[in-house]
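# Analysis of the macromolecular model
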Amino acid sequence: MTLRVVQVGAGGMGRAWLSTVAASQDVELVGIVDLDLDVARAGAELAGDPSIPVGRSLTELAAETGAQAVLDITVPVAHHPITMEALHAGLPVLGEKPAAQTVAEALSLAAAAEATGQLFMVSQSRRYNDHLVAFRQHLRDLGDLGTLSTRFAKAPHFGGFREEMDDVLLLDMAIHPFDSARYLLERDPVSVYCESYNPSWSWYRGDAAAAAVFTFEDDIRYVYDGSWCAPGAETSWNGDWRASGSAGAALWDGDHEPTSDLDGTPGSPADAPGVGAEIAGALASFVRALDAGTTPDGEVHGNVMSLAMVEAAIASTRSGTRIVIDEVLERAHASALDAERDDAARERLASWGSVRSALSATVTTAG
Ligand SMILES: NC(=O)c1ccc[n+]([C@@H]2O[C@H](COP(=O)([O-])OP(=O)(O)OC[C@H]3O[C@@H](n4cnc5c(N)ncnc54)[C@H](O)[C@@H]3O)[C@@H](O)[C@H]2O)c1
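Residues numbered from 1 in each chain as written. Predicted model: local features only at pLDDT ≥ 70, side-chain atom pairs only at ≥ 80, totals over all residues. Heavy atoms only, no water.

### Side note on unusual backbone geometry
- In this chain, lysine 97 is followed by proline 98 through a cis amide linkage whose omega measures -5°.
- Within the secondary structure, proline 98 sits in the loop between strand 5 (93–96) and helix 5 (103–116).
- Non-glycine residue glutamate 278 carries a positive phi angle of around 50°.
- With respect to the element layout, glutamate 278 can be found in helix 9 (residues 278–292).
- Its relative accessible area of 32% is what places glutamate 278 among the partly exposed residues. (Helix = DSSP H or I, 4+ residues; strand = E, 2+ residues; numbered from the N terminus. Buried < 20%, exposed > 50% of the residue type's maximum accessible area, 1.4 Å probe, protein only.)

### Here we look at the sheet that holds strand 2 (residues 27–33)
- The six strands lie next to each other as 3-2-1-4-5-6, forming an open sheet whose pairing is parallel. With partners counted over all chains shown, the strands left at the sheet margins are strand 3 (54–55) and strand 6 (120–123), one partner each.
- By the bridge criterion, two bridges tie strand 2 to strand 3 in an arrangement that is parallel. Paired with valine 33 across the bridge in strand 3 is glycine 55.
- The sheet strands contacting helix 1 (residues 12–23) are strand 1 (3–8), strand 2, strand 4 (69–72), strand 5 and strand 6, and the helix crosses strand 1 at an angle near 165°.
- Its contacts with the sheet place helix 4 (residues 76–88) against strand 1, strand 4, strand 5 and strand 6, and it is angled at close to 175° to strand 4. (Pairing = 2+ DSSP bridges. Contact = heavy atoms within 4.5 Å. Axes fitted to C-alpha atoms, helices over the stretch in contact; angles between N-to-C directions.)

### A short note on the environment of valine 223
- With respect to the secondary-structure elements, valine 223 resides in strand 10 (residues 221–227).
- Note on valine 223: relative accessible area 30%, which makes it partly exposed.
- Taking C-alpha positions, valine 223 is 9.8 Å from arginine 242, a pair spaced 19 residues apart along the chain.

### Considerations on the pattern of salt bridges
- Tallying each qualifying case throughout the model produces 19 salt bridges.
- One salt bridge in this structure joins lysine 97 and aspartate 172, with 3.9 Å as the shortest N-O distance. Separated by 75 residues along the polypeptide, lysine 97 in the loop between strand 5 and helix 5 and aspartate 172 in helix 7 (residues 168–173) bring together distant segments of the chain. The pair formed by lysine 97 and aspartate 172 is uniform in burial state, with each residue classed as buried.
- The salt bridge involving arginine 182 is made with aspartate 179; its shortest N-O contact spans 3.9 Å. Linking arginine 182 with aspartate 179, this pair stays in helix 8 (residues 175–185), spanning three residues, or about one helical turn. With respect to class, arginine 182 is no different from aspartate 179; both count as buried.
- Through salt bridges that share partners, Arg127, Asp179, Arg182, Asp188 and Asp297 make up one connected network. (Salt bridge = Lys/Arg side-chain N within 4 Å of Asp/Glu carboxyl O.)

### Digging into the site of the ligand
- Lining the immediate surroundings of the ligand are 21 residues, of which Gly12, Met13, Asp34, Lys97 and Ser125 lie closest.
- Between the ligand and methionine 13 there is a distance of 2.7 Å, counted from an oxygen atom to a backbone nitrogen or oxygen.
- Here lysine 97 contributes a backbone N or O atom positioned 2.9 Å from an oxygen atom of the ligand.
- The protein chains hide 79% of the 860 Å² of surface that the ligand would expose on its own.
- Given that more than half its atoms are within 2 Å of the pocket grid, the ligand belongs to the largest pocket.
- By residue number, the principal contributor to the shell around the ligand is helix 4, which donates four residues.
- Looking at side-chain class alone, the shell around the ligand contains nine nonpolar, eight polar and four charged residues. (Near = heavy atom within 4 Å. Polar contact = N/O pair within 3.5 Å; in protein donor to acceptor, adjacent residues only side chain to side chain. Areas by Shrake-Rupley, 256 points an atom, 1.4 Å probe, with all protein chains shown as cover. 1 Å grid on protein atoms, 1.4 Å probe; cavity = no way out; pocket = protein on both sides within 12 Å on 5 of 7 lines; lining within 4 Å. Sits in = over half its atoms within 2 Å of the grid points. Nonpolar A, V, L, I, M, F, W, Y, C, P; charged D, E, K, R; others polar.)

### Regarding the domain arrangement of the protein
- In terms of domain boundaries, the protein breaks down into domain 1 (3–126 + 277–300 + 324–360) and domain 2 (129–266).
- Between the C-alpha centres of domain 1 and domain 2 the distance comes to 26 Å.
- On the domain 2 side, the residues contacting the nine residues of domain 1 number 14 residues.
- Of the roughly 1,200 Å² buried at the junction of domain 1 and domain 2 (both faces included), carbon and sulfur atoms supply 49%.
- Here domain 1 is connected to domain 2 by two salt bridges.
- Close ionic contact of glutamate 217 with arginine 356 constitutes a salt bridge, the shortest N to O distance being 3.7 Å.
- The interface formed by domain 1 and domain 2 includes four residue pairs in polar contact (both at pLDDT 80 or more). (Domains from an automatic or database assignment. Buried area = accessible area lost by both parts, 1.4 Å probe.)

### Quick notes on the packing of aromatic side chains
- Scanning all chains against the criterion turns up 13 aromatic pairs.
- Centroid distance phenylalanine 216 to tyrosine 222: 6.4 Å. Interplanar angle 85°. Geometry classified as edge-to-face. In terms of burial, phenylalanine 216 and tyrosine 222 fall into one category: buried.
- Each member of the aromatic cluster is reached from another via a ring pair, and the members are Phe135, Phe178, Phe214, Phe216, Tyr222, Tyr224, Trp241 and Trp252.
- Directly above the ring of tyrosine 183 sits arginine 136, whose terminal nitrogen or CZ lies 4.1 Å from the centroid. (Phe/Tyr/Trp six-rings, centres within 6.5 Å; stacked < 30°, edge-to-face > 60°. Lys NZ or Arg CZ within 6 Å of the ring centre and 35° of its normal.)

### Digging into the nonpolar core
- Core analysis: the biggest nonpolar cluster contains 115 residues, and Leu107, Leu139, Leu148, Phe178 and Tyr222 have the highest contact counts within it.
- Counting residues per element, this core draws most heavily on helix 10 (residues 300–319), which supplies 10 residues.
- When residues of this core are sorted by domain, at least three fall in each of domain 1 (3–126 + 277–300 + 324–360) and domain 2 (129–266).
- Beyond its immediate sequence surroundings of up to four residues, leucine 107 is in contact with Val304, Leu329, Ala332, His333, Ala336, Leu349, Trp352, Val355 and Leu359. (Core = buried A, V, L, I, M, F, W, Y, C linked by side-chain atoms within 4.5 Å.)

### Side note on helix 8
- With respect to burial, helix 8 is a largely interior element, 11 of its 11 residues being buried.
- Ile175, His176, Pro177, Phe178, Asp179, Ser180, Ala181, Arg182, Tyr183, Leu184 and Leu185 are the residues of helix 8 that are buried.
- Downstream of helix 8 by a residue or two, glutamate 186 has a phi angle that is positive, lying close to 55°.

Here it is, written out as structure tokens:
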């Protein structure tokens, strides 16, 4: 049985999703929604069938086509309204990162997923990488972990919205390594000190570079040093990683097999099952979870903390102080409660004890 999906958003990343959906045996594209109908029609052609129904209203197109699930590949500002609409139409959602524009909106979506009983999974595509899974296997053999670090240096000229937005590196890119750090350490963050800045030669309006030190549970440090305007000796898109523990160190350049050195002996950890590649891996995981009724990696509750790391890093850079992640979560919870229009979702939000415990109740990890 293939899963009948409507895709919302057929822009830059939407086209990559349309190709991935076309190549998948698990799903059938039954409709495309976009505010711009020409973009939706071009998407149908790209998907190989210009007769695929297109529209501007998700609720109408989903009902007309008998859709069973929604792929949300719109811009971040639209993630909250589109996901809400889908969940309330009784449809599970696989959405592009970030879960929403703010942690408060992401909490509202987590509560709506609870209230409707529908799955909302965030596609944090860089988690679907067999080298990342292998790197975590190396980390598991390092004894007590002390430090994990990422150096990220690229110099892309994107043009468009990225060169005009605030906090471009932290908001648009750093969520990937922050999320990977949680996956690798198998722990959650406690606090962060961050300075973001814009080198004098930067072609971005907002800060294109940042240095952050996160304290994780068990007093482990995660150190991020990133720049999007760093020409010369660039790292991979995943960044250059090093982990240090009581029994040795592990290295991953982001593109090739990771390695480890257990105080003079090369590490050879146990193999772990493959997770597929990038968005194809996320799509396969979503379908498997719906089939089996299980909670996949990327389910919104488990994903919110990665967005909280971004929001806390930005708050730290603004205030010049160390920011405690629980304070970010509790503030976001208060504004989510204030802003919630949906009674059932507000009831769910109000029923949570601490936000951290509500989020961790359903956390699972892949691999
Ligand atoms: N995982 C990755 O590596 C990666 C890479 C690039 C982008 N992304 C994410 O993908 C998402 C989309 O980014 P993009 O670069 O494709 O943006 P884009 O601007 O190129 O395309 C977005 C499309 O969504 C449509 N849209 C916007 N609001 C809508 C609404 N309310 N209803 C219906 N359609 C709507 C727009 O008309 C546009 O066609 C973002 O969340 C971005 O962060 C992820």
